[in-house]
Each structure stands twice: as structure tokens, then as C-alpha cells.
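Understanding the architecture of this molecule
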There are 2 protein chains.
Amino acid sequence: MTDDTESAALRGDDLQTWATLATVLEWLPAALDAQLLRDGDLTHFEYGILYALADAPEQTLRMSVLAGYANSSLSRLSRAVARLESRGWVRRRPDPSDGRFTLATLTKDGQEAYAQATPGHVETVHRLVLDPLTTAQKKQLREISRRILRSIRDGGEWSAS
Amino acid sequence: MTDDTESAALRGDDLQTWATLATVLEWLPAALDAQLLRDGDLTHFEYGILYALADAPEQTLRMSVLAGYANSSLSRLSRAVARLESRGWVRRRPDPSDGRFTLATLTKDGQEAYAQATPGHVETVHRLVLDPLTTAQKKQLREISRRILRSIRDGGEWSAS
DNA sequence: CCGTTTCACTTGACTGAGCAAGTGAATGGA
DNA sequence: TCCATTCACTTGCTCAGTCAAGTGAAACGG
């Protein structure tokens with residue numbers, strides 16, 4: 001029984017690779033969230049919403065498009081935007097051209113909150129991720145990330161669509 | 001105003017590096033959780049607890065040590081172990097040598113659940129992370145992860161301790 | 001010894017996320 | 001033209017996680 005477990009378990013270099021990556025997966029989002037919460041009372045997810053809206057034409061996107069950008073369920077996004085709306089940072093209204101869609105728009109206050117949170121966030125990303133790496137490593141990291149993402153999408157059981 | 005935002009924002013290669021890594025940070029944990037939930041009704045966090053206990057002498061660890069392994073707050077761990085205990089996979093009792101500590105032990109059922117969940121999980125880690133990468137890339141990933149982790153620990157504001 | 005402090009958790013209140021059921025706007029078929 | 005269906009969200013329920021307050025066991029100071 002324990003022998004089965006042993007033979008199935010990761011070992012050696014592969015174990016090291018996975019263990020360090022798993023640790024990054026746990027700590028890095030926590031560190032980023034902590035900085036954003038301190039400086040702008042925002043989660044990384046909420047920041048991502050502001051980011052997407054800030055870069056969109058007229059600071060406006062349909063909820064479903066926004067959900068795609070944020071890789072979020074519609075329900076999660078709906079609640080998050082509701083929170084941002086209650087702070088006056090985002091406003092929602094039905095899409096005039098099709099009442100089923102909802103358009104979310106960044107308000108002036110929202111742009112300000114985004115502009116205020118951005119420098120600290122960018123600085124944190126530099127300090128924690130980009131600056132410790134060499135140019136070659138950053139290039140490698142892009143390729144590694146792309147390969148992992150491709151394997152997730154391919155194996156994501158919705159490959160038949 | 002927008003000029004400040006623009007000048008602070010990430011651009012070019014750095015933006016690509018961060019964007020792809022951020023996407024991995026979002027999708028990979030979700031993919032791993034999904035597999036573990038399907039196959040063993042476990043979150044990745046709960047699996048980590050079973051893993052740590054299974055490898056420990058007498059399948060037993062103090063809660064505080066376990067929290068360290070799982071990089072978890074004590075309160076999160078306490079609730080998670082309570083869930084595992086209610087399934088009969090873990091048992092808790094005061095440490096005889098110091099009643100303040102609590103010892104968590106993997107039960108027979110827990111070992112079985114762990115042994116059953118492991119092959120699928122290992123297979124998923126291989127498929128999503130290890131197999132798509134070359135040996136050189138895996139080596140790079142270890143070094144990259146270590147550098148990021150070091151920067152988190154150094155900058156984690158508790159550097160003064 | 002006995003009260004205070006420190007530890008190592010545990011628990012109550014609250015917040016955020018997922019799932020499934022609900023809602024209101026368009027579309028499609030008879 | 002009207003009803004059913006699809007679409008794009010929204011919301012009720014439940015659960016996991018956090019923070020802060022609580023608890024019970026050891027250590028410490030006088």
C-alpha cells in the first residue's frame with residue numbers, strides 16, 4: 001500500500017520543481033493581495049477589474065467580456081462589481097443595443113482609485129517578480145508560463161468544443 | 001493623470017512576463033483543485049495536509065508544525081483539520097508532553113484516502129506542469145521560483161525579526 | 001504557591017466565492 | 001403573434017477563510 005504511494009509520488013528534481021512552484025502559487029498571490037489591500041483597499045481581483053476597464057474604450061465593458069478578461073465566473077464578477085459600485089468606482093447600466101448585456105463603466109472616482117493603486121502595485125510586481133530575474137530568465141518564464149497554460153487549456157475537458 | 005498611469009504601468013516584455021505568470025497564478029490552482037475535488041473530494045490545501053501527515057513519523061504532527069508546512073494560518077488549519085476529522089481521516093489529541101500543543105494524526109481511513117487521491121494528482125501535475133517543459137526549463141523554473149520566493153521573504157516586512 | 005503572562009490553538013462574526021435557481025430581455029418556431 | 005427557449009446576468013444558500021476574542025495549559029515572577 002505504501003509502496004503504491006511511493007511509486008506514484010514525485011521524486012528528485014521533479015519534486016523540487018513542483019514544490020517550489022507550488023510554494024510560489026501560495027505565497028505570491030498572498031503577497032500581491034496584501035500590498036493592494038494596504039495601499040488601496042483592493043483585492044488583486046478587484047484591481048484586475050479596474051485595470052481592464054481603465055484600458056477599455058470609454059472605460060466601459062460588458063460584464064461578460066470583463067468576466068473573460070478576469071477569468072472569472074459571472075457570479076463572482078457580479079458581486080465584485082457590486083462592491084466597486086457601492087464605493088462609487090464603477091457604474092452599471094443595461095446595454096442600449098441589447099438589454100440583456102450590462103455595461104460596466106469606470107467612474108472618475110474609479111479612475112482615481114486605479115491611478116492611485118497602480119504605482120505601488122507595479123513596484124511590487126517589479127520587486128517580487130521581475131527584478132530578481134535576469135532577462136533570459138524572464139524570457140524563459142514567459143515560455144514556461146505559456147506552455148503550462150496551453151496544457152491547462154488542452155486538458156481542460158472542454159477540448160471537444 | 002492618465003500620463004502618470006501610463007508611465008507607471010508595465011510595458012513590453014515585462015508586461016508579457018507578468019501577464020502570462022498572473023494567468024498561471026489564476027488558472028493552475030483552479031485546475032489542480034478541480035481534479036482533486038473530482039477524484040477525492042479534497043481541496044489542494046486539504047491534500048497538502050494529508051501529504052504532510054502521511055510523510056511524518058507515525059503520521060503525526062503538531063498543528064503548529066503542520067501550519068508551517070502548509071503555509072497556513074493556525075485558524076485556517078484548525079478548520080480544515082476539523083473537516084478532515086469529521087470525515088474520520090484525521091484525529092486530534094493534546095500532546096502528552098505539553099498540553100498546549102495539539103497532535104494531528106492521519107487515521108487508517110485517511111491514509112487510504114490519501115493513497116487514492118495521490119496517483120491522479122501526480123498525474124495532473126505531470127500533465128499540466130512537468131511534461132510540457134524541457135529538462136532545462138524545469139531547471140530554470142526551479143531557479144526562477146526560488147528567486148521569487150526569496151524576494152517575497154526578504155520584502156515581507158518581517159525582515160527585521 | 002498564586003497570580004500574571006505567554007502559548008497554542010479554537011471559535012464567533014463577518015466577508016468573499018461557488019453553485020444552482022431566479023429574472024428580465026431578446027429570439028425562434030408554429 | 002404568442003409561447004417557449006436562450007442569454008446575460010443576479011441572488012439565495014452554503015461553505016471556506018480571516019480577524020479578533022476566547023480558552024485552557026505551561027512558564028514565570030514574587
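The structure presented is a predicted model; accordingly, all values stated were derived computationally and were not measured.

Now for the confidence of the model for chain A. All names here are of chain A. Overall, the prediction assigns chain A a mean pLDDT of 90, with 91% of residues at 70 or greater. The least confident element of chain A, judged by mean pLDDT, is helix H1 (residues 2-8) at 51; the most confident is strand S1 (residues 60-62) at 98. Ignoring residues within four places in sequence, the model shows residues 157-161, a span with pLDDT below 50, making 3 contacts including any to other chains.

Below, the discussion takes up the relation of the copies chain A and chain B. If you rotate chain A by 180° and push it 0.0 Å along the axis, it lands on chain B with an RMSD of 0.0 Å. Such a combination of rotation and displacement between the chain copies is what one expects of a two-fold axis. Taking C-alpha positions as reference, the residue of chain A nearest the rotation axis is Leu25 of chain A, located at 3.0 Å. Looking at chain A, 100% of its interface residues are interface residues in chain B too, so the copies touch through the same face.

Here we take up the protein's contact with DNA strand D. The local shell around DNA strand D holds 18 residues, among which Ser64, Arg79 and Thr102 of chain A together with Arg79 and Gly99 of chain B are the closest. Near-protein atoms of DNA strand D (within 4 Å) split between backbone and bases, with sugar and phosphate holding 66%. Contact distances for DNA strand D include 3.1 Å between a sugar or linking oxygen and a backbone N or O atom of Arg100 of chain A. Contributing elements (two or more residues each) for the surface near DNA strand D: helix H4 (63-69), helix H5 (74-86) and strand S3 (98-106) of chain A together with helix H5 (74-86) and strand S3 (98-106) of chain B. Grouping the constituent residues of the surface near DNA strand D by class yields 3 nonpolar, 7 polar and 8 charged.

Time to look at the UniProt feature "domain: HTH marR-type" (unreviewed entry) in chain A. UniProt annotation of "domain: HTH marR-type" (unreviewed entry) refers to residues 14-150 of chain A when read in the numbering used here. Counted over residues 14-150 of chain A, helix gives 72% and strand 13%. Its end C-alpha atoms are 20 Å apart.

Turning to the packing of helix H7 (residues 135-155) of chain A against helix H2 (residues 12-40) of chain B, a few remarks are in order. A packed helix pair is summarised by two numbers, namely the angle formed by the two axes and the spacing between the axes. Two numbers describe how H7 of chain A lies on H2 of chain B: the axes approach to 9 Å, and their chain directions differ by 35°. Relative to H2 of chain B, the crossing made by H7 of chain A is left-handed. Facing Lys138, Leu141, Arg142, Ser145, Arg146, Ile148, Leu149, Ile152 and Arg153 of chain A of H7 of chain A, the residues of H2 of chain B in contact are Asp13, Asp14, Gln16, Thr17, Thr20, Leu21, Thr23, Val24, Trp27, Leu28 and Ala31 of chain B. The class makeup of the residues in the contact of H7 of chain A with H2 of chain B is 9 nonpolar, 5 polar and 6 charged.

Contacts between chain A and chain B engage 59 residues on the former and 59 residues on the latter. Across the chain A-chain B interface, the total number found is 6 salt bridges. We note a salt bridge from Lys138 of chain A to Asp14 of chain B, for which the minimum N-O separation is 3.3 Å. For the side of chain A that touches chain B, the secondary-structure elements that each account for two or more residues are H1, helix H2 (12-40), helix H3 (44-55), helix H6 (108-130) and H7 of chain A. Taken together, the residues of the side of chain A that touches chain B sort by class into 30 nonpolar, 16 polar and 13 charged.

With that out of the way, let us pick up unusual backbone geometry. Phi at Glu58 of chain A takes a positive value of approximately 60°, unusual for a residue other than glycine. Looking at the secondary structure, you find Glu58 of chain A in the loop between H3 and S1. One non-glycine residue, Gln59 of chain B, lies in positive phi territory at about 50°. By the element assignment, Gln59 of chain B lies in the loop between helix H3 (44-55) and strand S1 (60-62). Given a relative accessible area of 24%, Gln59 of chain B falls into the partly exposed group.

Here we take up the sheet that holds S3 of chain A. What holds strands together in a sheet is hydrogen bonding between their backbones, with the strands either parallel or antiparallel. Residue and element names in this part refer to chain A. With antiparallel pairing, 3 strands are arranged side by side in an open sheet as S1-S3-S2. The open sheet has two edge strands, S1 and strand S2 (90-95), and neither has a second partner. Adjacent strand axes in the sheet meet at a mean angle of 30° when their direction is disregarded. Bridge count between S2 and S3: 6 bridges; the pairing is antiparallel. Pairing of Pro94 across the sheet is with Thr102, part of S3.

Cut-off values and rules
- Residues numbered from 1 in each chain as written.
- Chains lettered and ligands numbered in written order.
- Predicted model: local features only at pLDDT ≥ 70, side-chain atom pairs only at ≥ 80, totals over all residues.
- Heavy atoms only, no water.
- pLDDT = per-residue confidence, 0-100.
- Helix = DSSP H or I, 4+ residues; strand = E, 2+ residues; numbered from the N terminus.
- Contact = heavy atoms within 4.5 Å.
- Least-squares fit on C-alpha atoms with pLDDT ≥ 70 in both.
- Near = heavy atom within 4 Å.
- Polar contact = N/O pair within 3.5 Å; in protein donor to acceptor, adjacent residues only side chain to side chain.
- Nonpolar A, V, L, I, M, F, W, Y, C, P; charged D, E, K, R; others polar.
- UniProt positions renumbered as here; feature names shortened; annotations may be inferred.
- Axes fitted to C-alpha atoms, helices over the stretch in contact; angles between N-to-C directions.
- Left-handed = near helix turned anticlockwise from the far one by under 90°.
- Salt bridge = Lys/Arg side-chain N within 4 Å of Asp/Glu carboxyl O.
- Buried < 20%, exposed > 50% of the residue type's maximum accessible area, 1.4 Å probe, protein only.
- Pairing = 2+ DSSP bridges.

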